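# Examination of the molecular architecture
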Amino acid sequence: PPANSSEDFVLNVTVTSTDPYGGSTATATSSLRVSANDVNDVTELNINSLASHGVKGTAFQVASDISLVDVDSTFLSGASVVIDGGLHGGDGLSLGGQTLTSLGGGVYAIDGTDIHVTGTATGVLTFSGTDTLDHYEQVLESVRLTGNGSGTRQVSFSVTDDTGVTSTLHSV
């Protein structure tokens, strides 16, 4: 069947057997009807270029080139970005170049999208809202890290498609 197909198809099988003693052959052909079940493929999260350093107390872009590919959906329902290695007190994640509108309770709408974010100025950003892969790429590329101290930080990204399947964690 074609890649990523969920259509039923017919598989024609031909088997030939040769007698090892007499050399005669016999051939049989049969058709099998195969039912393909839909599989919800996970969204591929690719981070192609990364920031390698920053100045203490200054926000810098964590990942400048993020690519999201999902063969069976053009929408995501959420994402997460976490400082999960080397966290120092006072470290934080934020969004650069995005206009945020407070919805109350620590939830912000990202203008021009259907995406909401919580956790601004902490080590965890949680995104929710069904929106396009392109909008999620733009928002994730706007994530900034402000470090409070020396040393290396590990920042991990994951995304969730509109059916609830979450990608593999991608750490930078």
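The sections below set out a description of the structure shown in this document.

Reading the values: the criteria
Residues numbered from 1 in each chain as written. Predicted model: local features only at pLDDT ≥ 70, side-chain atom pairs only at ≥ 80, totals over all residues. Heavy atoms only, no water. Helix = DSSP H or I, 4+ residues; strand = E, 2+ residues; numbered from the N terminus. Buried < 20%, exposed > 50% of the residue type's maximum accessible area, 1.4 Å probe, protein only. Contact = heavy atoms within 4.5 Å. Areas by Shrake-Rupley, 256 points an atom, 1.4 Å probe, with all protein chains shown as cover. Pairing = 2+ DSSP bridges. Axes fitted to C-alpha atoms, helices over the stretch in contact; angles between N-to-C directions. Core = buried A, V, L, I, M, F, W, Y, C linked by side-chain atoms within 4.5 Å. Patch = residues over 30% accessible without salt bridge, like charges linked within 9 Å, V, L, I, M, F, W, Y side chains within 5 Å. Salt bridge = Lys/Arg side-chain N within 4 Å of Asp/Glu carboxyl O. Polar contact = N/O pair within 3.5 Å; in protein donor to acceptor, adjacent residues only side chain to side chain.

## Quick look at the overall build of the protein chain
Each helix and strand counted, the protein chain has one helix and 14 strands in total. Burial status across the protein chain gives 27% buried among its 172 residues. A sequence separation of at least 24 residues applies to 59% of the contacts in the protein chain between residues at least 6 apart. Carbon and sulfur atoms form 50% of the exposed surface of the protein chain, whose accessible area is close to 9600 Å².

## Details of the sheet that holds strand 8 (residues 100-104)
Across the sheet, which stays open at both edges, the seven strands sit in the order 8-9-10-11-6-13-14 with antiparallel pairing between neighbours. Two strands lie at the open edges of the sheet, namely strand 8 and strand 14 (170-171), each paired on one side alone. Here strand 6 (residues 75-85) pairs with strand 13 (residues 154-161) via eight bridges, running antiparallel. Counterpart to G85 in the pairing with strand 13 is Q154. Across the face of the sheet, helix 1 (residues 133-141) comes into contact with strand 6, strand 9 (107-110), strand 11 (124-132) and strand 13 while running at roughly 155 degrees to strand 11.

## Comments concerning the nonpolar core
It is characteristic of soluble globular proteins that their nonpolar side chains tend to be buried jointly. With 27 residues, the main nonpolar core has V81, F127 and F157 as its most contacted residues. The set of elements that each furnish at least two residues to this core consists of strand 3 (44-50), strand 5 (63-69), strand 6, strand 7 (92-95), strand 11, helix 1, strand 12 (143-146) and strand 13. Contact partners of F157, with chain neighbours within four places excluded, come to L45, I47, V62, A63, I66, S80, V81, L140, T168, L169, H170 and V172.

## Some thoughts on a nonpolar patch on the surface
On the surface, L11, V13, V15 and L32 cluster together into a nonpolar patch covering about 310 Å² of accessible area. When residues of the nonpolar patch are assigned to their parent elements, the largest contribution, three residues, is made by strand 1 (residues 9-18). Secondary-structure assignment places L11 in strand 1. Overall, the relative accessible area of 40% leaves L11 in the partly exposed class.

## Looking at the sheet that holds strand 4 (residues 59-61)
One open sheet holds the three strands; their spatial order is 4-12-7, and the pairing between them is antiparallel. Strands with a single pairing partner mark the edges of an open sheet, and in this sheet they are strand 4 and strand 7. Strand-to-strand twist across the sheet, computed as the mean angle between neighbouring axes with direction ignored, equals 35 degrees. Running over the sheet, helix 1 touches strand 4, strand 7 and strand 12 and is turned about 15 degrees from strand 12.

## Re the side chain of S142
Within the secondary structure, S142 sits in the loop between helix 1 and strand 12. Polar contacts involving the side chain of S142 include one to the main-chain carbonyl oxygen of V139, which spans 2.6 Å.

## Examining the pairing of strand 12
Along any regular strand the residues' side chains alternate between the sheet's two faces. Only one face of strand 12 is covered, namely the face carrying V143 and L145; the face carrying R144 and T146 is uncovered. Looking at chain direction, strand 4 and strand 12 are connected through three bridges and run antiparallel. Bridge pairing links A59 to T146 in strand 12. Two elements, strand 7 and strand 12, share four bridges in a ladder whose sense is antiparallel. When the bridges of strand 12 are listed, L93 appears paired with L145.

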